[in-house]
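Each chain, written out:
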Amino acid sequence: MANQSSNRSPHNLSFLLPLVKHLRAFHSGKEIRKRDGFTLIELMAVIAIIGILSTLMLPEIGTIRERAEKVVCMGHLRSLHVALGSYLNDNEQWPQLPKDANGAEADLSPQDEEQFWFDALKDYGIGVKDWQCPTLTRLLGLNNPNADTSEAPKMHYTPTHFDDNPLTPRKWAAMPWLVENGDIHHGGALIIRADGAVRTDMEAVNAFGN
């Protein structure tokens, strides 16, 4: 199986040689007259070759798309980090969720908590799309106008809930500010730290362990 897979890679087209030899044999001993079009067998051969190459290239196209989406996702995390840093400087505290009568964080619904964070950073140039991972957006069908996405999460990064001490969020450089909601890109969920570095949660665990 390994040999067959390697022989059919997009960079090794030797498996097409029998088809080329067949075409040559078909024309051998015959007078080739000038014409403007293709014969039916030539057209079928071209279609077959295109189909084979397309099949071989599909996995690579998917991989390229996933890598591009991860880059965009990391860019969103960095934009959110900048906005949160600006909020922290301007307000001298991390965004504070509403409190209940006992002074504890109110028990908000997921939708209400999402709206709280959307509102908190909207004045810093952050829109709803900046809170969304392109891969998860595609998987949830958020860009599909015909899909029912009323229950789908609109915020794909979870901020850490710090107290109102302005020093707390920057107490350690490796303090996670935002964590992606799940291992979307494989290898661990993405996080962005207080120092602006983007890592995976597995890398963060290993760093603290060392």
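These figures come from a predicted structure and were not determined experimentally.

Helix and strand content of the chain: six helices and four strands. Of the regular secondary structure in the chain, the N- to C-terminal order runs α-α-α-α-α-β-β-β-β-α. Per-residue burial for the chain yields a buried fraction of 29% across its 210 residues. The contacts of the chain with a sequence gap of at least 6 include a subset with a gap of at least 24, amounting to 50%. Surface summary for the chain: the accessible area is close to 13700 Å², and the carbon and sulfur share equals 57%.

A few words on the sheet that holds strand E3 (residues 190-193). On the basis of which strands lie adjacent, the open sheet formed by four strands has the order E1-E2-E3-E4 and antiparallel pairing. Strands with a single pairing partner mark the edges of an open sheet, and in this sheet they are strand E1 (157-159) and strand E4 (198-200). Neighbouring strand axes in the sheet, compared pairwise and without regard to direction, differ in orientation by 30 degrees on average.

A separate point is the pattern of salt bridges. Considering all chains together, one arrives at two salt bridges under this definition. Two residues, glutamate 69 and arginine 138, come together in a salt bridge whose shortest N-O distance is 2.8 Å. You can see glutamate 69 sitting in helix H3 (residues 40-91) and its partner arginine 138 sitting in helix H5 (residues 134-140), a full 69 residues away along the chain. Between aspartate 195 and arginine 193 there is a salt bridge, with its nearest N and O atoms 2.5 Å apart. The class for aspartate 195 is partly exposed, based on a relative accessible area of 40%. We classify arginine 193 as buried; its relative accessible area is 17%.

With that settled, the discussion passes to helix H4 (residues 110-121). Relative to the 16 Å expected for twelve residues at 1.5 Å per residue, H4 spans 17 Å between its end C-alpha atoms, a close match to the ideal helical length. Along H4, the residues that are buried comprise Glu114, Phe116, Trp117, Phe118, Ala120 and Leu121.

To describe a pair of aromatic rings, you give the distance between the ring centres and the angle between the ring planes. This model, assessed by the stated rule, comprises six aromatic pairs. Pairing phenylalanine 116 with tryptophan 117 gives two aromatic rings, centres 5.3 Å apart and planes at 85 degrees, and the pair type is edge-to-face. Comparing phenylalanine 116 with tryptophan 117 shows no difference in burial state: the two are buried. Site record: aromatic cluster; members linked through ring pairs are Phe116, Trp117, Phe118 and Trp131.

Turning next to the pairing of strand E2 (residues 176-180). Relative to E2, E1 runs antiparallel, the two sharing three bridges. When the bridges of E2 are listed, threonine 158 appears paired with valine 179. Here E2 runs beside E3; their pairing, made up of three bridges, is antiparallel. Residue pairing for E3: proline 176 is matched across the bridge by arginine 193.

Looking now at the side chain of threonine 137. Inspection of the secondary structure assignment puts threonine 137 in helix H5. The exposure class of threonine 137 is buried, given its relative accessible area of 6%.

On to the confidence of the model for the chain. Averaged over every residue, the pLDDT of the chain is 82; the share at 70 or more is 77%. Highest mean pLDDT in the chain belongs to E1 (96); lowest belongs to helix H1 (residues 2-7) (46). The model gives residues 1-10 a pLDDT under 50, and that stretch makes ten contacts with residues more than four places away or in other chains.

So, about the pairing of E3. Side chains Leu190 and Ile192 of E3 all project onto a buried face; the interleaved residues Ile191 and Arg193 project onto the opposite face, where all are buried too. Between the end of E3 and the start of E4, which pair antiparallel, lie four residues, with glycine 196 showing a positive phi angle near 90 degrees.

What follows covers the nonpolar core. Core analysis: the biggest nonpolar cluster contains 29 residues, and Trp117, Leu121, Trp131, Trp177 and Leu178 have the highest contact counts within it. Only H3, H4, E2 and E3 provide two or more residues apiece to this core. The element contributing the most residues to this core is H3, with eight residues.

Another aspect to go through is the side chain of glutamate 180. With respect to the helices, strands and loops of the structure, glutamate 180 is situated in strand E2. Buried and unpaired, glutamate 180 has lysine 70 as its nearest opposite-charge partner, separated by 8.2 Å. Separated by 3.2 Å, the side chains of glutamate 180 and histidine 185 make a polar contact.

Basis of the calculations
- Residues numbered from 1 in each chain as written.
- Predicted model: local features only at pLDDT ≥ 70, side-chain atom pairs only at ≥ 80, totals over all residues.
- Heavy atoms only, no water.
- Helix = DSSP H or I, 4+ residues; strand = E, 2+ residues; numbered from the N terminus.
- Buried < 20%, exposed > 50% of the residue type's maximum accessible area, 1.4 Å probe, protein only.
- Contact = heavy atoms within 4.5 Å.
- Areas by Shrake-Rupley, 256 points an atom, 1.4 Å probe, with all protein chains shown as cover.
- Pairing = 2+ DSSP bridges.
- Axes fitted to C-alpha atoms, helices over the stretch in contact; angles between N-to-C directions.
- Salt bridge = Lys/Arg side-chain N within 4 Å of Asp/Glu carboxyl O.
- Expected span 1.5 Å × (residues − 1).
- Phe/Tyr/Trp six-rings, centres within 6.5 Å; stacked < 30°, edge-to-face > 60°.
- pLDDT = per-residue confidence, 0-100.
- Core = buried A, V, L, I, M, F, W, Y, C linked by side-chain atoms within 4.5 Å.
- Lys, Arg positive; Asp, Glu negative; His and termini not counted.
- Polar contact = N/O pair within 3.5 Å; in protein donor to acceptor, adjacent residues only side chain to side chain.

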